Amino acid sequence: MIIFFQRLLFARGLIPTGSLSRADYVEEIFTPAAGIVLLVSVVFAGIWCWRTGKLFPTFVLISHKESVRAQWGMILLFLLLGIVVALLLGRPEAMLWLGVFLVIDCVVIYWLATAYSTPNLMVPTVPVGSWLRPIRR
Amino acid sequence: MSTYIIAIGGTGARLVEAIIHLAAAGVFIFEDPTLRQEDLHIFFIDPDSRNGNAIARTETLDCYQECHRTVRDVSDGSDQKPLLWMQTSVKDFASWSPRQRGRTLGDIFSRPDLRPSTRSLLDVLYTTREQDMDLREGFRGRPAVGSGVMGRLIQDERRWQDLVRNVQEEDKVFLCGSIFGGTGASGFPTLGRLLARDLRKRRNLRNVKLGGLLMLPYFSFEPPTEDGEINTHPDDFILRTHAALRYYETHALGLDILYLLGGTPSSTRVQGRHNSGGKDQRNPPHFLELYGALALRNFVSTEPRGRSDSLEVAHISRQSEDSLSWRDIPELQVQNRLKYATRFAFAWLSAISPDLEYAKRNPKDVRYALGFFDPKQLRELSDTEERNITVIKSWCTSYLKWLLELHQFGTDQVGWFNCRTFGSLDNDGEPVLNLKDRNQFTNLIPNEDTNLYLNHILDGLCPSPEHRGVVGLAKSLYATISSRSPT
C-alpha cells in the first residue's frame, strides 16, 4: 500500500521527476527500485527469522533482549546502508524523495515482516513489536 | 479413601518427608480404573519431637499443605484433565511423644509407687541406667525401653484412641520406621500389634488393610564417644536387625503386608557424627526413603489377598550394585510423575518466578504471562498473587533441595536427575540451589533423547477462563510439561 501510494505521488506529478517524464520515472526508476527494496527487505527479514529460530530455544528475555534487539538493528542498518550506497552510485533523478521513500519502505517492510515472523516469546526484541502483536486472552 | 500413616521415630520422619514430596508429584493418584486418590493422614510418634528429622518433616509438611491449599482453592472442577501435581490431601493427624508423661522409664512406670514384687520385675527387665535414662532425646537405640514405654502409655492416649475411632472399613493403616534404631524398633511391633488388636476386636473392623515398612540399616555414623551416657552404636545395627528379623519371623503382627528395605554395605556410608537427638539429629535424605514412599504407593494400590497367617513380603532390588537409574523405578507412571514435578519445580524457580519479577517493570515483555494477567495486574501484583508466587516457590525449593540431597548421599550414583543443573552441596553438606541458567532444563534428565526446551514449554502455555493468575499459570505450566514431555 505504501509503495502504491508513493508511486501515485510520482505518477500524479506531486513530486518533481527531473528530466524524465512522470510515466517513465515511475516505470524505469521507482518501480524497479521499490521492487528491489521489497525483495531485499523480505530477504533480510528472512535472515532475521532464521536467526531468531536458532536463538529461540535458549533465548532468555531478561538477559538477551537488548543484545538480540541490537542484532535486529544491525540487520536494518545493513539494509539501509545498502539503499544509500545504491542511491549514491546510481544518482537517479529526484534522489532525495526516492531515497526517503525507499528508506521508509525498507523500514516498514522489514519491521512488519520481522514483527510477525519472530517467535512469540521474542517479540519484545523487535521495537514496538508487542504493540503489533498483542496477546489475546 | 484414607490411609493413615503411623511414622515412628527419626526414620519415620524421613520417610514421611519422602511421602510428602511424592504426594506432591501425584504418585498417590491412581488412574485405573478411574482417577482415584488417597487422602493421607500422618500420625507421628517420636519421643524426641524436636529432633532435626522431625523439624524437617514438619517444615516439609507445612510447605506442602500451604501450596496444596493454594492450588486447590482456586480449582473449580472444570479442568478437562485434572492435574496430578499438588492434588493429594496430606493431613497432620497427630503427633505424640511418649515422654510427655515423664522424663525417665522410672517416672513413666511410677517406680516408687510400685509394689515391691513389680518393682523387682522392672529391675530384672531394665538396668538402673536404662530406668534413669533421660528420654527427651529418644530411646537411644534401646528398643526394650521404647517397647515398655509405648506399650504402657499408648493405650490411654487420647490421640491413639482418636486414630482407632477414625479408621473406617476400607481404610488403610501403614506403619513405618527403622528396625535398627530405638524408637522405630520398639514402636513398630508394639504399635502394630496393638493397632491390629484394637481395630479388629474393639471396633470389629475386618477390612481395614494393615501394612508396614521396616527400614533395615541403610546409613551409619561415626560411633559416639564413651561419655557414660547410653547411646546408639552403629556397630550394633546388624546384630539388632538380625535379632529383630528373627522376632518378626516367629511373631505375627497382624499385618497384611510388610515391606523391608535396606542398603548394601557400600550404601550404608558414614554420614557425619553421632547425635543422640535434638535438632542436630538431621540426616540427609536417602534414595531408599523414596522407595519407602513407593512401598506406600504399592500398599495403597493393591487389594489385600485375603488374610492368612502367613505374611506377604514384597521384594524389589536394583539392577546395578552401585548405581541407580530410571530402570530401577518400578513403574513408568511413577517415573513420569517424578520427571514432571522436577521439571515444573525447575521451570518455576529458573524462569517463571524471575520473569514475573521482571514483568513488574516491563509487563508487556513477558508474553506468556499476558495470557494469565492484564499488563496492569503484572505491574502491580496483588498481595494474594505475590503470596501465591512465594508459596509455590517455597515448595519448589523444598522439593529440589530434597532431591539434590538424595542424589548426593552415599557412594551410590543416583542417576535419575542431573542435579548439578540446579544446585550443589556446600562445604557443610547443605544443599544450595543455583538456577541461574534456565537452559539447563533440557539437561535435567540424563540420557533422555529430547529437545524439550523450556521456551517451547513457556510458548505452549494455554490460558483459559479457568486458568488465570499465578495458580492458573502454575497449573498450565504443569499441564504443558506433562503433555510435552517424552514418555
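Remember, predicted model here, so these are calculated numbers, not experimental data.

A. Inspection of the overall build of chain A at higher detail. From N to C terminus, chain A includes five helices and zero strands. Reading chain A from its N end, one meets helices and strands in the order α-α-α-α-α. If you line up chain A on its principal axes, its C-alpha atoms span 55 × 35 × 20 Å. Out of the 137 residues belonging to chain A, those deemed buried represent 42%. Of all intrachain contacts in chain A linking residues separated by at least 6 positions in sequence, the fraction that spans at least 24 positions is 63%. Total accessible area on chain A is roughly 7500 Å²; 72% of this is exposed by carbon and sulfur atoms. When the 11 positive and 6 negative side-chain charges of chain A are each reduced to one mean point, those points stand 18 Å apart.

B. View of the interface of chain A and chain B. Taken residue by residue, the interface counts 16 residues in chain A and 22 residues in chain B. Counting each side, the surface lost to burial between chain A and chain B is near 1700 Å², with a carbon and sulfur contribution of 56%. The tally of links between chain A and chain B comes to one salt bridge. Between Lys65 of chain A and Asp365 of chain B there is a salt bridge whose closest N-O contact spans 2.5 Å. The tally of links from chain A across to chain B stands at eight residue pairs in polar contact (both at pLDDT 80 or more). The element best represented in the side of chain A that touches chain B is helix H3 (residues 61-90) of chain A, accounting for three residues. Partitioning the side of chain A that touches chain B into residue classes produces 10 nonpolar, three polar and three charged.

C. Structural detail: the confidence of the model for chain B. Residue and element names in this part refer to chain B. Per-residue confidence for chain B gives a mean pLDDT of 82, with 84% of residues at or over 70. Mean pLDDT across the secondary structure elements of chain B bottoms out at strand S9 (residues 312-314), with 62, and peaks at helix H11 (residues 332-359), with 95. Reported for the predicted complex are a pTM of 0.87 and an ipTM of 0.84.

D. Region of interest: the packing of helix H2 (residues 22-55) of chain A against H3 of chain A. All names here are of chain A. Remark: H2 packs on H3, axes separated minimally by 11 Å, with the N-to-C direction vectors making an angle of 160 degrees. It follows that H2 is roughly antiparallel to H3 by the angle criterion. For the element pair H2 and H3, the recorded crossing hand is right-handed. Judged by residue contacts, Val37, Val40, Ser41, Phe44, Ile47, Trp48, Arg51 and Leu55 of H2 engage Val68, Gln71, Trp72, Ile75, Phe78, Leu79 and Ile83 from H3.

E. Representation of the packing of aromatic side chains. All names here are of chain B. Tallied over the full model, the rule gives 21 aromatic pairs over all chains. Between Trp85 and Phe344 the ring centres are 4.3 Å apart and the planes differ by 40 degrees, which places this aromatic pair in the tilted class. In this pair, Trp85 is assigned in the loop between helix H2 (52-73) and strand S5 (90-96) and Phe344 in helix H11, connecting sequence segments 259 residues apart. What links up through ring pairs into an aromatic cluster is the set Trp85, Tyr340, Phe344, Trp348, Trp395, Tyr399, Trp402 and Tyr478. In this structure, Arg57 packs its charged tip against the face of Phe44, placed 3.8 Å from the ring centre. Above the plane of the ring of Phe299 lies Lys209, whose end atom (NZ or CZ) is 4.6 Å from the centre.

Rules of the game
Numbers given for residues are sequential positions, taken from 1 along each chain in its written order. Chains and ligands are labelled sequentially in the order written, the chains with letters from A and the ligands with numbers from 1. Totals for whole chains, interfaces and linings use all residues, but because this is a predicted model, local features are given only for residues with pLDDT of at least 70 and pairs of side-chain atoms are given and counted only at 80 or more. Hydrogen atoms and water are omitted, and side-chain values are computed over all heavy atoms in the structure. Secondary structure counts use DSSP, requiring at least four H or I residues in a row for a helix and at least two E residues in a row for a strand, with both numbered from the N terminus. Relative accessible area decides the class of each residue, using a 1.4 Å probe on protein chains only: under 20% of the type maximum gives buried, over 50% gives exposed, and in between gives partly exposed. Any two residues whose heavy atoms approach within 4.5 Å at even a single point are treated as in contact. Residue exposure ignores everything except the shown protein chains as possible cover, and the areas themselves are Shrake-Rupley values with a 1.4 Å probe. Residues scored as charged are limited to Lys and Arg (positive) and Asp and Glu (negative), so that His and the chain ends carry no count. Every charge is mapped onto a representative atom, which is NZ of Lys, CZ of Arg, CG of Asp or CD of Glu. Accessible area that two parts lose when put together, evaluated with a 1.4 Å probe and summed over both, is termed the buried area. The working definition used for a salt bridge is a side-chain nitrogen of Lys or Arg within 4 Å of a carboxyl oxygen of Asp or Glu. By the criterion applied in these results, polar contacts are pairs of N or O atoms within 3.5 Å in which, for protein atoms, one can donate a hydrogen and the other can accept it, and in which residues neighboring in sequence qualify only through two side-chain atoms. Basically, the charged four are Asp, Glu, Lys and Arg, the nonpolar ten are Ala, Val, Leu, Ile, Met, Phe, Trp, Tyr, Cys and Pro, and anything else, Gly included, counts as polar. The quantity called pLDDT is the predictor's confidence in a given residue, expressed from 0 to 100. For helices, the fitted axis covers only the stretch in contact; all axes are lines through C-alpha atoms, and the angles between them, taken along N-to-C directions, range from 0 to 180 degrees. If an angle is under 35 degrees, it is roughly parallel; if it is over 145, roughly antiparallel; if it lies from 65 to 115, roughly perpendicular; otherwise it is oblique. Crossing handedness is defined as follows: a turn of the near helix away from the far one that is anticlockwise and smaller than a right angle gives a left-handed crossing, while the clockwise case is right-handed. Under the pairing criterion, centres of Phe, Tyr and Trp rings, with the six-membered ring standing for Trp, must be within 6.5 Å; the plane angle then separates stacked pairs below 30 degrees from edge-to-face pairs above 60, leaving the rest tilted. Any Lys NZ or Arg CZ that is within 6 Å of a ring centre and within 35 degrees of that ring's normal is treated as a charge sitting over the ring.

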